[in-house]
Amino acid sequence: MAAWLLFLIALYILPSPVVPIHNSSAGGCAIIRPPRDGGIRYRGLTQEQILPVDYEIEYICRGNRVIVGPKVRKCLPNGTWTDMSLHSRCCKSFWTSLENGRVAVKPPGPPVEGATAPRPARLLRLSLIALFLLWPRPSAGKKKLYIGALFPMSGGWPGGQACMPSAQMALDLVNNRSDILPDYELELIHYDSMCDPGEATKLLYDLLYTEPLKIVLMPGCSGVSTLVAEAARMWNLIVLSYGSSSPALSNRQRFPTFFRTHPSATLHNPTRVQLFQKWKWTRIATIQQTTEVFTSTLDDLEERVKEAGIEISVRQSFLTDPAVAVKNLKRQDARIIVGLFYETEARKVFCEVFKEKLYGKKYVWFLIGWYADNWFKIKDPAINCTVENMTEAVEGHVTTEIVMLNPETVRGVSNMTSQEFIAALMSRLGGMNPEETGGFQEAPLAFDAVWALALALNKTVAPLKGRGRRLEDFNYNNHDITSEIYRALNTSSFEGVSGQVVFDAQGSRMAMTLIEQLQGGSYKKIGYYDSSQKNLSWFGNDVWIGAGPPADRTVVIEEYRFLSQKLFAAVSVFAGLGILLGILCLTFNIYNGNVRYIQNSQPYLNNMTAVGCMMALAAVFPLGIDGHHVHRSQFPVVCQFRLWLLGLGFSLAYGSMFTKIWWVHTLFTKKEEKKEKKKQHLEPWKLYATVGVLLAIDFLSLVIWQIVDPLHITEGWTLTFPSTSPQMRHITNPDLVLPAGVVYGYKGLLLLLGIFLAYETKSVSTEKINDHRAVGMAIYNVAVLCLITAPVTMILSSQQDASFAFASLAIVFSAYITLVVLFVPKMRRLITRGEWQSEQQDTLKTGSSTNNNDEEKSRQLERENRELQKIIQEKEERVSALRNQLAERQALRNRHRPSIGQNQNHNAPPPSSQTDPKSLLPPPGYPTTDNHSLPPSFSNSSSLYPADSKMSRNHCHNSQIPLLYK
């Protein structure tokens, strides 16, 4: 009796039981009155009086009081709360609150729901030391309950390597407890699923259709759990998973009997979003392995980041080979990357990351935290990267991991702290390296899963006994026992080695998230996040390769870029001098328009060329005008003015030269049968009409362009950060591609055709257009400069100084070359020969001639007459010398003739003592009637010219002498 008195003293002033209020509307449950010295935690903010179905509440006690009875209740569809027959009270812990004494309870550990306390054995000492002994029952008559488990010992996640020993250790502790399932013994039947749903299908068949019956299934791996949980309801089996994180498993309609001590993978997503916001990232990229667990996780992440105003710019996936997906991430400038894949694929991904250099201070990778700590150091024949390569690529990445080991030193329902559990597990593993043991981090979840199952089965014993049922009566057709187990698991709440074990309405574990970063090859804890309280505990020891967290994209800073003023001034000076040269050439051409040489060069077309060159040179000034000179709003006007000046100037300058060369080719490069057509006179109006057509085409093109798509400000210069060196990007307007392409194509054809015509007419000689060779030379230079400058300026469009220099200097040089080639030779001819003076004097004396061709021929003949007179004078001197030599020889013969004649035949006629006068007659072609006009020596020169001989090429016929001496 004294012992019971102590028990009553320890449980003093028990509060009245809390009875849930029934709601007759069956549309929800009324709010429950909280217990004395305690309160109620509502899972989700609410201000309603009627709570919805499946809503959960949790009792909280003040101080060192604990809940006796159900800690969590759930609203049922009938309007009542779960476990209405059991009361919840806030009581003091009687085994720890006695002064000057202690209370020992055997077996050790806090009492659990469903356990009973028999009569105490004895009272020790007068200092109120009470010893309550819960006598264990002998195990000889225990009935076995079988658990069918699938542990992946290999595959994508070999979690069974540590989880199976952990689960077996929990079974041993449960079976040794006399207050938990005292009449039963749990036994584990397990197989290796290899984390393969196909293999798991075969093993599930063996579990279901081989003796003995399994009361609960415990799969691991999300793919395997999905298969098992979807099929288990057909056999009325509860599924409790220790290592499944797929968000798809949180679907109660699809998986009505599924629970898991491993939180859903979606629990990572609130943590990731919180980190994105902490580091001010609004743009991320994702890469995932194509499996349901990662697809559903990514879908949930996409919804959460959208709510937070964060953009997923790139979303890549792969099945087995991530090479293409990683290249796409690099190509699309991904910086903040969330990776969702198993450990084996993670090594493949980061091998490709190393090859593509997708790591370093500009990149941050977010990975899953349940890989082995040395996962990147494990040799994998599927990759061709070294350990050093992998270590370099993974440095600095961040992992989010569900808290799977209680960080506090608290003894849970197993009477073990988390540190004691790790020590015991290491002993069971036989000294295996935890970093090389798959599932070592998830081992506490497997341990607590067995305890959650044992406590739930223990809780169902009394309700089933009240209905005349027992756990050993379970079969695959018995829905009542399954419902009791489901209800017990749904309301479970206990302190395990992984923390507080509580299931939400979808059967998923609720837990905190651990944030780690790989620093120097090892993981360091940098914070915790409680998604239920939205509380981030930050340690501040995060380390970055650069100065801080990198930017989430190439930061585009709009900046106005100005043209070099020295360059603009220099080019402007050249352009101004070119305009002065054009004015000089135009003045010269107009002033000497009456000179025959100038008239035969088509001066009006040359005037157009000079005007066009001056207009093109004037376009250089608006080409270099920027924000230094005009306001931003005036840029469209400047652009239009530049376009019109350059377009019309090109049409006038090049069009007039093209017209000349065109008509020269048309009239003077015909075949023999068309020679008569050459003799026709070239009418000037045809030349002007050709230039007018070319000018009209450009004018209409510019007008249409101005109306349909006028120029407006769509270009800017941008400076990009971060990078090793600043990068320049030029933003172009795609609307300008079509009209600019049409203009470039049309002008390019004209330039090429001009080159062809200039080549074809290089050997033509004509007086109608006497400067066509100079025009051809100018066309060559202009065409080459334009064809080179146009593509170069497009390539250098991102360099404002270089682009302006190429374009403006091409215009200046083209204009200079054209003016110099066309006009300087004319100036030189008129100055050196004085042709403009003689023709001006002739014009004053004789007046304007009516027949221009005859005057030109007369002047030509006069020049030839003067040249021939010089030639005749030279020949006369030569003839005089020859006559003297001939006279001397003749006198010598006459002296020797008498002596010779005496020895000759006397019948021969005597020689004449005098020379035949006919032999001294002038040669044919010389006048004989007017001897006084000839030199005296001409009377004896007949022997040099036979009577019937003709004049050589250097002598004149007698019919030409009167004309030459006209």
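What comes next is a walk through the structure. (Residues numbered from 1 in each chain as written. Predicted model: local features only at pLDDT ≥ 70, side-chain atom pairs only at ≥ 80, totals over all residues. Heavy atoms only, no water.)

A closer look at the side chain of Thr 297
Worth spelling out the cut-off: Numbering goes from the N terminus for both helices and strands, where a helix is a DSSP run of H or I of at least four residues and a strand is a run of E of at least two. Exposure categories follow from relative accessible area, calculated using a 1.4 Å probe and restricted to protein chains: below 20% of the type maximum is buried, above 50% is exposed, and the middle band is partly exposed. Should any heavy atoms of two residues lie within 4.5 Å, those residues are considered in contact.
By secondary structure assignment, the location of Thr 297 is in helix α6 (residues 292-307). By relative accessible area, Thr 297 is classed as buried at 2%. Ignoring anything within four residues of it in the chain, the contact list for Thr 297 reads Pro 247, Ala 265, Asn 269, Arg 272 and Leu 340.

Re a nonpolar patch on the surface
Put simply, the test is: Like-charged residues within 9 Å of one another, or nonpolar side chains (Val, Leu, Ile, Met, Phe, Trp, Tyr) within 5 Å, are grouped into patches, provided each residue has over 30% relative accessible area and no salt bridge. In short, Shrake-Rupley with a 1.4 Å probe defines the accessible areas, and a residue's cover is counted only from the protein chains shown. Salt bridges are defined as contacts in which a side-chain nitrogen from Lys or Arg sits within 4 Å of a carboxyl oxygen from Asp or Glu.
Together, Phe 699, Leu 700, Ile 704, Ile 707 and Val 708 make up an exposed nonpolar region whose accessible area comes to about 550 Å². Turning to its location among the elements, Leu 700 is positioned in helix α18 (residues 684-708). Residue class for Leu 700 comes out exposed when judged on its relative accessible area of 52%.

Quick word on the sheet that holds strand β20 (residues 398-402)
The criterion, for reference: Paired strands, in this sense, are two strands between which DSSP finds at least two bridges. Axis lines are fitted to C-alpha atoms, over the contacting stretch for helices. Their N-to-C directions set the angle, which ranges from 0 to 180 degrees.
Within the open sheet, the 8 strands sit side by side as β17-β16-β18-β19-β20-β23-β24-β25. Their pairing is mixed. The open sheet has two free edges, formed respectively by β17 (311-318) and β25 (535-538), since each of these has just one partner strand. Strand-to-strand twist across the sheet, computed as the mean angle between neighbouring axes with direction ignored, equals 25°. When strand β18 (residues 336-340) meets strand β19 (residues 364-368), the two strands line up parallel, connected through 3 bridges. Paired with Val 338 across the strands is Phe 366, a residue of β19. Strands in contact with helix α8 (residues 343-356) are β16 (283-289), β17 and β19; relative to β19, the strand with the most contacts, it is inclined by about 170°.

Observations concerning the sheet that holds strand β15 (residues 258-260)
Overall, parallel pairing links the 5 strands, which are arranged β12-β11-β13-β14-β15 in an open sheet. Every interior strand has two partners, whereas the edge strands, β12 (184-192) and β15, have only one. Each neighbouring strand pair of the sheet contributes to a mean axis angle of 25°, computed without reference to strand direction. With respect to the sheet, helix α11 (residues 443-466) is in contact with β11 (143-151), β12, β13 (214-219) and β14 (238-241), its orientation differing from that of β13 by roughly 155°. The sheet strands contacting helix α12 (residues 479-490) are β13, β14 and β15, and the helix crosses β14 at an angle near 30°.

Focus on the state of the cysteines
Defined as follows: Cysteine sulfur atoms that come within 2.5 Å of each other are treated as a disulfide pair.
Considering all chains together, one arrives at 2 disulfides under this definition. Bridging Cys 195 to Cys 221, the disulfide has an S-S length of 1.6 Å. Linking Cys 195 and Cys 221, the disulfide has an S-S dihedral of approximately -50° and is accordingly described as left-handed. Here Cys 195 is found in the loop between β12 and α3 (197-209), whereas its partner Cys 221 is found in the loop between β13 and α4 (222-232), with 26 residues between them in sequence.

A closer look at the environment of Tyr 654
Relative to the helices and strands, Tyr 654 resides in helix α17 (residues 635-668). Given the relative accessible area of 3%, Tyr 654 is considered buried. When the C-alpha positions of Tyr 654 and Val 775 are compared, they lie 9.7 Å apart, and in sequence the two are 121 residues distant. If sequence neighbours within four positions are ignored, Tyr 654 has contacts with Leu 750, Leu 751, Gly 754, Ile 779 and Val 782.

Side note on α11
Counted only if it meets this: One less than the number of residues in a helix, times 1.5 Å, gives the span that helix is expected to have. One axis is fitted to the seven residues ending at the residue and one to the seven starting there. The bend at that residue is the angle between these axes.
Helix length check: α11, at 24 residues, gives a terminal C-alpha distance of 36 Å against a target of 34 Å (1.5 Å per residue), a fit within 8%. Maximum bend of α11: about 25°, positioned at Thr 460, with proline Pro 463 one to four residues after it. Most of α11 is tucked away, with 19 of its 24 residues classed as buried. After α11 finishes, the residue Gly 468 shows a positive phi value of roughly 80°.

Quick look at the packing of helix α7 (residues 323-331) against α8
We apply this condition: In what follows, roughly perpendicular refers to angles from 65 to 115 degrees, roughly parallel to angles under 35, roughly antiparallel to angles over 145, and oblique to any angle outside these ranges. Here a crossing is called left-handed whenever its near helix is offset anticlockwise from the far helix by less than a right angle, and right-handed whenever the offset is clockwise. Gly is put with the polar residues, along with every residue not named as nonpolar or charged; the nonpolar set is Ala, Val, Leu, Ile, Met, Phe, Trp, Tyr, Cys and Pro, and the charged set is Asp, Glu, Lys and Arg.
Between α7 and α8, the shortest axis-to-axis distance is 9 Å and the interhelical angle comes to 45°. Here α7 is positioned oblique relative to α8, judged by the angle of their axes. Read as a crossing pair, α7 and α8 show a hand that is right-handed. On α8, the residues touching Ala 323, Val 326, Lys 327 and Lys 330 of α7 are Val 349, Glu 352, Val 353 and Glu 356. Of the residues assigned to the contact of α7 with α8, the class counts are 4 nonpolar, no polar and 4 charged.

What about the nonpolar core?
Defined as follows: In these notes, a set of buried Ala, Val, Leu, Ile, Met, Phe, Trp, Tyr and Cys residues joined through side-chain atoms within 4.5 Å is what counts as a nonpolar core. For the purposes of this description, domain bounds are those given by an automatic or database domain assignment.
Judged by nonpolar contacts, the single largest core of 135 residues is most densely connected at Phe 350, Trp 365 and Phe 366. Here the element with the most residues in this core is α11; it accounts for 14 residues. Split by domain, this core shows at least three residues from each of two domains, domain 1 (143-263 + 438-508) and domain 2 (265-408 + 515-538). Ignoring anything within four residues of it in the chain, the contact list for Phe 350 reads Trp 365, Leu 367, Trp 375, Met 390, Ala 393 and Val 394. Grouped together as the second largest cluster of nonpolar side chains are 42 residues, Leu 617, Ala 653, Leu 694 and Val 782 included.

Section: the pattern of salt bridges
Side chains that carry opposite charge are capable of pairing whenever their charged atoms lie near each other. Evaluation of the coordinates by the stated rule reveals 20 salt bridges. Asp 473 is the salt-bridge partner of Arg 470, the closest N and O atoms lying 3.6 Å from each other. Its relative accessible area of 44% is what places Arg 470 among the partly exposed residues. Taking relative accessible area as the criterion, Asp 473 reaches 28% and is therefore assigned partly exposed. Residues joined by salt bridges that share partners form a network here, namely Glu 230, Arg 254 and Glu 292.

Here's the deal with the packing of helix α2 (residues 160-175) against α11
Orientation of α2 relative to α11, taken along the N-to-C sense of each, is 35°, at an axis distance of 8 Å. Crossing geometry of α2 relative to α11 is assigned as right-handed. The residues of α11 that touch α2, namely those facing Ala 162, Cys 163, Ser 166, Ala 167, Met 169, Ala 170, Leu 171, Leu 173 and Val 174, are Ala 443, Pro 444, Ala 446, Phe 447, Val 450, Trp 451 and Ala 454. Split into classes, the residues belonging to the contact of α2 with α11 amount to 15 nonpolar, 1 polar and no charged.

As for the pairing of β17
Summarising the sheet, β16 and β17 pair through 7 bridges and their orientation is parallel. Counted as the bridge partner of Gln 288 is Ser 317 from β17.

What about the environment of Ser 508?
We count it as follows: Here a polar contact means two N or O atoms within 3.5 Å. Within protein one must be a hydrogen donor candidate and the other an acceptor candidate, and residues neighboring in sequence count only if both atoms are side-chain atoms.
Structurally, the position occupied by Ser 508 is in the loop between β22 (499-502) and β23 (513-519). When the C-alpha positions of Ser 508 and Asn 490 are compared, they lie 9.8 Å apart, and in sequence the two are 18 residues distant. Setting aside residues up to four positions removed in sequence, Ser 508 forms contacts with Ser 250, Arg 260, Ser 264, Val 502 and Phe 503. Here the side chain of Ser 508 touches Ser 250 through a polar contact of 3.1 Å, side chain to side chain.

Some details on unusual backbone geometry
With omega at -5°, the peptide bond leading from Glu 211 into Pro 212 counts as cis. Assignment of secondary structure puts Pro 212 in the loop between α3 and β13. Although it is not a glycine, Met 194 sits at a positive phi angle of roughly 55°. On the secondary structure map, Met 194 appears in the loop between β12 and α3. Here Lys 357, not a glycine, exhibits a phi torsion of approximately 60°, which is positive. In this structure, Lys 357 sits in the loop between α8 and β19.

A few points about the packing of aromatic side chains
Heads up, the condition is: Working definition: rings of Phe, Tyr and Trp (its six-membered ring) pair if their centres are within 6.5 Å, and the pair is stacked with planes under 30 degrees apart, edge-to-face with planes over 60 apart, and tilted otherwise. Lysine NZ or arginine CZ positioned within 6 Å of the ring centre and within 35 degrees of the ring normal marks a charge as sitting over the ring.
Tallying each qualifying case throughout the model produces 30 aromatic pairs. Measuring from ring centre to ring centre gives 6.5 Å for Phe 447 and Trp 451, while their planes differ by 50°; the resulting arrangement is tilted. Separated by 4 residues within a single helix, Phe 447 and Trp 451 lie in helix α11, roughly one turn from each other. Trp 451 matches Phe 447 in its accessibility class, with the two residues each being buried. Among the aromatic residues, those joined into a ring-pair cluster are Phe 294, Tyr 342, Phe 350, Trp 365, Trp 370, Tyr 371, Trp 375 and Phe 376. Directly above the ring of Phe 259 sits Arg 252, whose terminal nitrogen or CZ lies 4.9 Å from the centroid. Over the ring of Phe 354 we find Lys 357; its NZ or CZ atom is 4.4 Å from the centre of that ring.

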